[in-house]
Amino acid sequence: MGKIILTGDRPTGKLHLGHYVGSLRRRVELQNLGDYDKMFVFMADVQALTDNADNPEKIRQNIIEVALDYLSAGLSPEKCTLFIQSQIPEIAELTTFLMNLVSVSRVQRNPTVKTEIKMRNFEANIPMGFFAYPVSQAADIATFKATTVPAGEDQEPMLELTRELVRRFNQIYAPVLVEPAIMLPENATARRLPGTDGKEKMSKSLGNCIYLSDDADTVWKKVKTMYTDPTHLNVSDPGHVEGNAVFTYLDAFATDEDFAEFWPEFHNLDELKAAYTAGGIGDMKCKKLLNSVLNKMLDPIRARRREYEQDIPEIYNILKKGSLDARETAAKTMDEVRTAMKINYFDDTELIKSQADRFKQK
């Protein structure tokens, strides 16, 4: 069995820097390393519909936005399989079977489910599809026998549930499915990038995102208003880098080469942190550095996006081909699943023969 990566995003809007540092940047690196036998990257439109069932047009429009973000960030259809979740009905089939192997209380313990139910004010009125989406996520992974899932640390509870379901399936039926491992971002600071307002999560609904498709002027407007250190009132005051969103972003994105280019007074981020902490460094100078770092990184992404936007029909062709390829893999897994569960009635010649013999003997 080969090494297989599976990862994806809910198409609920354009992708932002939180997506980029949490998984997208790493996906591109892994794709280019070529250490894995297959890499699947998908748009989880079925999961997006669990809390957008009354607005399918939103998901429909966002599919192309996410696809453009994927391609402009550097994912290549020549090196990975890009597909749309709803086009693989085998995932829904496996979801149904896995639901039989987990209790309601176990799903309720998932911290992501708890948080999102509260955030969306579902409380006692939870859509069944939304409640069960951790099982659907497990099916996404298991359908493709993924060995590795690049994701932020907030997804670890979901991976643990997936491993539990895979183990239970394999114990009850046959060792068909594969237990996945999570691959966290190498930069620990980037594992959960805060919003520009300093809040724990970058979220479209909170309006605290910097998007991969934002132009340079928009990026600067957002960086200028970023949360820093509320106690750093004067340039001469000692500053704090902990909880300071500007420094968290610099941790995630700035390199020594960036300092050489944009602020040669310092060789690296550690030197800047020391100077800021001692006092004498203004927040605006730090924001200008961050703005330069971000736009240097985003410039090639924006340029590729403009190119891809010129041929949208080709983007749909890429997604269609990827979905067909993904479905071939999914179909093979489900053949094994049905055989293991003994519901492959029409392919089981021994079953048919034994039943025929049984009735002949009557």
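From a predicted model like this one, the values you see are computed outputs, not experimental measurements.

Undergrad: Could you clarify how one ought to interpret helix α15 (residues 312-340) in this entry?
TA: Because each turn of an α-helix spans 3.6 residues, side chains separated by three or four positions in sequence point in the same direction. Here α15 is 29 residues long and its end C-alpha atoms lie 42 Å apart, about the 42 Å a rise of 1.5 Å per residue gives. Phi for Lys342, located one or two positions after α15, is positive at around 60°.

Undergrad: Which parts of the structure should I look at to understand the packing of aromatic side chains?
TA: Two descriptors summarise a pair of aromatic rings, namely the distance from one centre to the other and the angle between the planes of the rings. According to the stated counting rule, one finds nine aromatic pairs in the structure shown. With a centroid separation of 4.7 Å and 50° between ring planes, the pair formed by Phe247 and Tyr276 is classed as tilted. One end of the pair, Phe247, is in helix α11 (residues 245-253); the other, Tyr276, is in helix α13 (residues 269-278), with 29 residues separating them in the sequence. Each member of the pair, Phe247 as well as Tyr276, is classed as buried. Taken together, Phe40, Phe42, Phe83 and Phe144 form an aromatic cluster joined through their ring pairs. When the ring centre of Tyr36 is taken as reference, the NZ or CZ atom of Lys3 above it lies at 4.8 Å.

Undergrad: I'm lost on the pattern of salt bridges in this one. Help?
TA: Think of it this way: side chains of opposite charge can pair up when their charged atoms draw near. All told, the structure shown has 23 salt bridges when counted by the stated rule. For the salt bridge of Glu179 with Arg167, the shortest nitrogen-to-oxygen distance reads 2.9 Å. Here Arg167 lies in helix α9 (residues 156-172) and Glu179 lies in the loop between α9 and β5 (181-183), a separation of twelve residues in the sequence. The exposure class of Glu179 is partly exposed, given its relative accessible area of 37%. Judged by its relative accessible area of 32%, Arg167 falls in the partly exposed class. Here Lys321 ties to Asp325 by a salt bridge, and the two come within 3.1 Å at their closest N and O atoms. Note that Lys321 and Asp325 are positioned in helix α15 at a spacing of four residues, about one turn of the helix.

Undergrad: What is the right way to look at the packing of helix α1 (residues 17-33) against helix α3 (residues 56-73) in this model?
TA: It is the contact of α1 with α3, at a shortest axis distance of 9 Å, that shows an interaxial angle of 55°. Between α1 and α3, the interaxial angle falls into the category oblique. Between α1, through Tyr20, Leu24, Arg27 and Val28, and α3, the contact on the second element is made entirely by Asp69, Tyr70 and Ala73. In terms of residue class, the contact of α1 with α3 is built from five nonpolar, no polar and two charged.

Undergrad: Honestly, the pairing of strand β2 (residues 38-43) in this entry has me stumped. Any pointers?
TA: Two faces, one strand: in a regular strand the side chains alternate between the faces of the sheet. Burial runs high along β2: five of the six residues are buried. As paired elements, strand β1 (residues 4-9) and β2 share six bridges and run parallel to each other. Of the residues in β2, the one forming a bridge with Thr7 is Val41. Note on the crossover from β1 through α1 to β2: the handedness is right-handed. Sheet topology places β2 next to strand β3 (residues 81-84); four bridges connect them, and they run parallel. Each residue of the ladder has a partner; that of Val41, found in β3, is Leu82.

Undergrad: What is the right way to look at the environment of Met202 in this model?
TA: Tracing the backbone through its elements, the reader meets Met202 in the loop between β5 and α10 (216-224). For the pair Met202 and Asp45, spaced 157 residues apart in sequence, the C-alpha separation works out to 20 Å. Excluding anything up to four places from it in sequence, Met202 contacts His16, Leu17, Gly18, Leu193, Pro194, Gly195, Asn208, Cys209, Ile210 and Tyr249.

Undergrad: Help me out: how do you make sense of unusual backbone geometry in this one?
TA: The phi angle of most residues is negative, glycine excepted, and most peptide bonds adopt the trans form. With a phi angle near 50°, Lys145 is a residue other than glycine that sits in the positive phi range. Looking at where Lys145 falls in the secondary structure, it is placed in the loop between α8 (133-143) and β4 (148-150). You can call Lys145 buried: its relative accessible area is 16%. Residues other than glycine seldom take positive phi values, yet Lys342 does so here, at roughly 60°.

Undergrad: It is not clear to me how the environment of Ala326 should be interpreted in this structure. Could you clarify?
TA: Along the polypeptide, Ala326 turns up in helix α15. Owing to a relative accessible area of 0%, Ala326 belongs among the buried residues under this scheme. Taking C-alpha positions, Ala326 is 17 Å from Ile63, a pair spaced 263 residues apart along the chain. With sequence-adjacent residues up to four places away left out, Ala326 is seen in contact with Phe40, Thr81, Phe83, Ile88 and Phe144.

Undergrad: So what exactly am I meant to see when it comes to empty space enclosed by the protein here?
TA: A probe as big as a water molecule, rolled over the atoms, marks out the empty space that is left. Summed over the entire model, instances satisfying the criterion amount to one cavity of 30 Å³ or more. One number sums up the size of the largest cavity: a volume of about 40 Å³. The wall of the largest cavity is formed by Asn110, Thr112, Val113, Tyr133, Pro134, Gln137, Gln155 and Met158. Elements supplying a minimum of two residues to the lining of the largest cavity: α6 (111-119) and α8.

Cut-off values and rules
- Residues numbered from 1 in each chain as written.
- Predicted model: local features only at pLDDT ≥ 70, side-chain atom pairs only at ≥ 80, totals over all residues.
- Heavy atoms only, no water.
- Helix = DSSP H or I, 4+ residues; strand = E, 2+ residues; numbered from the N terminus.
- Expected span 1.5 Å × (residues − 1).
- Phe/Tyr/Trp six-rings, centres within 6.5 Å; stacked < 30°, edge-to-face > 60°.
- Buried < 20%, exposed > 50% of the residue type's maximum accessible area, 1.4 Å probe, protein only.
- Lys NZ or Arg CZ within 6 Å of the ring centre and 35° of its normal.
- Salt bridge = Lys/Arg side-chain N within 4 Å of Asp/Glu carboxyl O.
- Axes fitted to C-alpha atoms, helices over the stretch in contact; angles between N-to-C directions.
- Parallel < 35°, antiparallel > 145°, perpendicular 65-115°, else oblique.
- Contact = heavy atoms within 4.5 Å.
- Nonpolar A, V, L, I, M, F, W, Y, C, P; charged D, E, K, R; others polar.
- Pairing = 2+ DSSP bridges.
- Right-handed = clockwise from strand over helix to strand, strands pointing away.
- 1 Å grid on protein atoms, 1.4 Å probe; cavity = no way out; pocket = protein on both sides within 12 Å on 5 of 7 lines; lining within 4 Å.
- Points joined across faces, edges and corners; volume = space filled by probe spheres on them.

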